[in-house]
Amino acid sequence: MTEPEMRRDAPAIDVNELHKYFGDNEVLKGIDFHVNNGEVVCVVGPSGSGKSTLLRCVNLLEQPTSGTIFVEGVEITDPDINVDKVRSKIGMVFQQFNLFPHLSVMRNLTIAQQRVKKRGKEESVDIARRNLAKVGLAEKEDAFPAHLSGGQMQRVAIARALSMEPDMMLFDEPTSALDPELVGDVLGVMKELAHEGMTMMVVTHEMGFAREVGDKLVFMDGGVILEEGDPAAVLADPQHERTRSFLSKVL
Amino acid sequence: MAMSPRKRAQVSRGVQYGIMLLIVVVLLVVADWELILSQFLDTEILLDLMPEIFTTALKNTLLYTAAAFTFGLIVGLLLALMRLSSVGPYRWLATGVIEFFRGVPALVVFIAFQFGLPIAFGVVMPGGILGTVTVALGLVGAAYMAETIRAGIQAVPKGQMEAARSLGMSHSRAMISIVVPQAFRIVLPPLTNELILLTKDSSLVYLLGLSAASAELTKFGRDALNETVNMTPLIGVAFCYLLITVPLSIAVRRMEARAEKAR
């Protein structure tokens, strides 16, 4: 097992010729995808387009069938790499939040800090409090996930990922499971993160967020990237027929 | 004469109550109450059982059961994790152990440990009677608990493991800190049921040849029965078993009701 040497000067995410099969079903058909440091890249597309699979490949929640993925200069598709070390540098936010229901909000934020980063109790609690305040939930540290609303759960999940002080964040449809009136709170937190310079890869259906916050928009369909570029430009003047038909349905 | 369905149901229920009442009344009249009370509820004999029935017999039953359950829980968890391992030999070994101890009567396991082990390997179980009960009864319980715990682990949503891994936890760390604690909440009611079964199975320890000091409830009751030639000790022993198992049953029902509400 080799210890990964991650470098902030290398591209944050660099995916080359990525193929992914589920059984006989080819979900990703040769993807080239790049995110530079400090960039916010939004990935959109119809369901089943492979956008979530691509995102999950970046921290190896899905094992790519072939192709290479570099994260900050480290080839994570190398079977000898210490994946846990790489993952602790990549924050991940799930559609279904995936908070740990048996732990308090505070413990949700400190357990990985203590178990993985070997931080002391006081330090981890300090960092957790700072991140809870950042997402506007400082008063909820003793609550259990079951007593939070969906929007609050997702903000806690973001704070949990941030408490590991990751170099980049992956968002897998972070607002899709939320009631419409709660979406704004979560997008607000994400916007603030982007303004602080966090590197972000966001799979989303929120076109407004993509246009306002995104540095790049990637449109996927059928396991390939059909179109990518400046979000405003792609949204205003899509080049591909399928992009046009998708955007006409969601906008 | 036509009856509405509701009317018919009412009449039918009335007849059923009537029959039940009749049976009870007949039993009350026919029974020889003097004989029953003297044979089953002789207060003198009952008082004679005190305090040993509690201080020795009940205490030993609790001790044997608790030791076997604790041992079984640990081994059961290990077996469950082995069953779910990606390493083939672990899975096969666990499956073999589980199938063996689930398929063989607890009585046979007790005999094997008490008499088979010294013959086969020239060793005696350390820890005397308590050691043998712990391991023999514990392994039988472990085989059942392993399957329960495995189902519990598989009932924890996949996203929990993914979230833990995405925070940099190793697979085993995520299992220990995140998945297994949630699995135990799910399987608490069936594990408590297993505890009730073990409480009763602990009576098999009589096979090991118990002295008066190491006797548990069933052995104690049988000895007293032989001595007094009266059924009263058995009634006392049954009452002691219920003293353990009924609160546990109530606890299980409470837990299930709470889980139902939380859903």
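None of these values were measured; they are calculated from a predicted model. (Residues numbered from 1 in each chain as written. Chains lettered and ligands numbered in written order. Predicted model: local features only at pLDDT ≥ 70, side-chain atom pairs only at ≥ 80, totals over all residues. Heavy atoms only, no water.)

Novice: It is not clear to me how the overall build of chain B should be interpreted in this structure. Could you clarify?
Specialist: The helix and strand tally for chain B stands at 11 helices and 0 strands. Seen in sequence order, chain B has helices and strands lined up from the N terminus as α-α-α-α-α-α-α-α-α-α-α. Radius of gyration (C-alpha) of chain B: 25 Å, far over the 18 Å computed for a compact globule of 263 residues. C-alpha atoms of chain B, sized along the principal axes, occupy 75 × 70 × 30 Å. Taking all 263 residues of chain B together, the buried fraction comes to 40%. By sequence separation, contacts in chain B at least 24 residues apart represent 76% of the contacts at least 6 residues apart. Accessible surface, chain B as shown: approximately 15100 Å² in total, 69% of it carbon and sulfur. Positive and negative side-chain charges of chain B, numbering 21 and 16 respectively, have mean locations separated by a distance of 20 Å. (Helix = DSSP H or I, 4+ residues; strand = E, 2+ residues; numbered from the N terminus. Rg over C-alpha atoms; globule rule 2.2 N^0.38 Å. Buried < 20%, exposed > 50% of the residue type's maximum accessible area, 1.4 Å probe, protein only. Contact = heavy atoms within 4.5 Å. Areas by Shrake-Rupley, 256 points an atom, 1.4 Å probe, with all protein chains shown as cover. Lys, Arg positive; Asp, Glu negative; His and termini not counted. Charge placed at Lys NZ, Arg CZ, Asp CG, Glu CD.)

Novice: I would appreciate a short explanation of the pairing of strand S1 (residues 13–22) of chain A in the present structure.
Specialist: Put simply, side chains in a regular strand alternate between the two faces of the sheet. Residue and element names in this part refer to chain A. Bridge count between S1 and strand S2 (residues 25–35): 8 bridges; the pairing is antiparallel. Opposite Tyr 21, over in S2, you have Glu 26 as the bridge partner. Sheet topology note: the S1/strand S4 (residues 66–71) ladder contains 5 bridges and is antiparallel. Along S4, the bridge assignment pairs Asn 16 with Thr 68. (Pairing = 2+ DSSP bridges.)

Novice: Help me understand the sheet that holds S2(A) in this model?
Specialist: Either a parallel or an antiparallel arrangement is found when strands of a sheet pair, and the pairing is made through backbone hydrogen bonds. Residues and elements named next belong to chain A. Sheet architecture is open: 4 strands sit in the order S2-S1-S4-S5, paired in antiparallel fashion. Pairing within the sheet leaves two strands with one partner each, and these edge strands are S2 and strand S5 (74–75). Its contacts with the sheet place helix H1 (residues 51–58) against S1, S2 and S4, and it is angled at close to 120° to S1. (Axes fitted to C-alpha atoms, helices over the stretch in contact; angles between N-to-C directions.)

Novice: Any chance you could explain the pattern of salt bridges here in plain terms?
Specialist: Charged atoms that come close allow side chains of opposite charge to pair. Residues and elements named next belong to chain A. Going through the model one piece at a time under the given rule, you end up with 21 salt bridges over all chains. Here Arg 119 makes a salt bridge to Glu 165, at a shortest N to O gap of 2.7 Å. Of this pair, Arg 119 sits in the loop between helix H3 (105–115) and helix H4 (121–134) while Glu 165 is found in the loop between helix H5 (150–162) and strand S7 (168–172), placing the two residues 46 residues apart along the sequence. By relative accessible area, Arg 119 is classed as buried at 11%. Relative accessible area serves as the criterion here: at 40%, Glu 165 is assigned to the partly exposed category. In this structure, the salt-bridge partner of Glu 212 is Lys 191, at a minimum N-O distance of 3.5 Å. With a gap of 21 residues between them, Glu 212 in helix H7 (residues 207–213) and Lys 191 in helix H6 (residues 180–195) connect regions that are remote in the sequence. Residue classification places Lys 191 among the partly exposed positions, given a relative accessible area of 24%. Put simply, Arg 8, Glu 72 and Asp 167 are held in one network by salt bridges that share partners. (Salt bridge = Lys/Arg side-chain N within 4 Å of Asp/Glu carboxyl O.)

Novice: Sorry if this is basic, but what is going on with the side chain of B:Ser203 here?
Specialist: Residues and elements named next belong to chain B. Along the chain, the position of Ser 203 falls in the loop between helix H9 (171–201) and helix H10 (217–228). By relative accessible area, Ser 203 is classed as buried at 16%. Within the local environment of Ser 203, its side chain forms a polar contact with the backbone oxygen of Lys 200, the two atoms lying 2.7 Å apart. (Polar contact = N/O pair within 3.5 Å; in protein donor to acceptor, adjacent residues only side chain to side chain.)

Novice: Sorry, what's going on with the packing of helix H5 (residues 88–103) of chain B against helix H7 (residues 128–155) of chain B here?
Specialist: For any two helices packed against each other, the geometry comes down to the angle between their axes and how far apart the axes lie. Residues and elements named next belong to chain B. Contact geometry for H5 and H7: axes closest at 8 Å, N-to-C directions at 120°. Compared by their axis directions, H5 and H7 come out oblique. Seen from above, H5 lies across H7 with left-handed handedness. Contacts between H5 and H7 involve Ile 98, Phe 101 and Arg 102 on the former and, on the latter, Leu 139, Val 140, Ala 143, Tyr 144, Ala 146 and Glu 147. The residue makeup of the contact of H5 with H7, split by class, is 7 nonpolar, no polar and 2 charged. (Parallel < 35°, antiparallel > 145°, perpendicular 65-115°, else oblique. Left-handed = near helix turned anticlockwise from the far one by under 90°. Nonpolar A, V, L, I, M, F, W, Y, C, P; charged D, E, K, R; others polar.)

Novice: What am I meant to see in the sheet that holds strand S6 (residues 90–93) of chain A here?
Specialist: All names here are of chain A. An order of S6-S7-S8-S3-S9-S10 is seen for the 6 strands of this open sheet, with the pairing classed as mixed. Two strands in the sheet have a free side with no partner beyond their single neighbour: S6 and strand S10 (224–229). Neighbour to neighbour, the strand axes of the sheet diverge by 15° on average, direction disregarded. Sheet contacts for H5: S6 and S7; angle to S6, the most-contacted strand, approximately 170°.

Novice: Is there a simple way to think about H6(A) in this case?
Specialist: An α-helical turn contains 3.6 residues, so any two residues separated by three or four positions project in the same direction. With 16 residues, H6(A) should cover 22 Å at 1.5 Å per step; its first-to-last C-alpha distance of 24 Å lies within 8% of that length. Contact partners of the buried residues in H6(A): strand S3 (40–44), H4, H5, S7, strand S8 (199–203) and H7 of chain A. (Expected span 1.5 Å × (residues − 1).)

Novice: Any chance you could explain the nonpolar core here in plain terms?
Specialist: Nonpolar side chains in soluble globular proteins tend to be buried together. If you look at the biggest cluster of nonpolar residues, it comprises 98 residues, and the most contacted ones within it are A:Ile13, A:Val15, A:Phe33, A:Leu54 and A:Met201. Here this core gets 12 residues from one element, more than from any other, and that element is H7(B). The contact partners of A:Phe33, leaving out residues within four places of it in the chain, are A:Ile13, A:Asp14, A:Val15, A:Val41, A:Val43, A:Leu54, A:Met201, A:Val218 and A:Ile225. Grouped together as the second largest cluster of nonpolar side chains are 46 residues, A:Val40, A:Cys42, A:Val183 and A:Met200 included. (Core = buried A, V, L, I, M, F, W, Y, C linked by side-chain atoms within 4.5 Å.)

Novice: In this structure, what is going on with the environment of B:Thr199? I would like to understand it.
Specialist: All names here are of chain B. As for its position among the elements, Thr 199 is in helix H9. The buried category is assigned to Thr 199, whose relative accessible area is 2%. Once the C-alpha coordinates of Thr 199 and Leu 62 are considered, the two residues, 137 residues apart in sequence, prove to be 7.5 Å apart. Leaving out residues up to four positions away in the same chain, Thr 199 has contacts with Thr 61, Thr 65, Tyr 241, Ile 244 and Thr 245.

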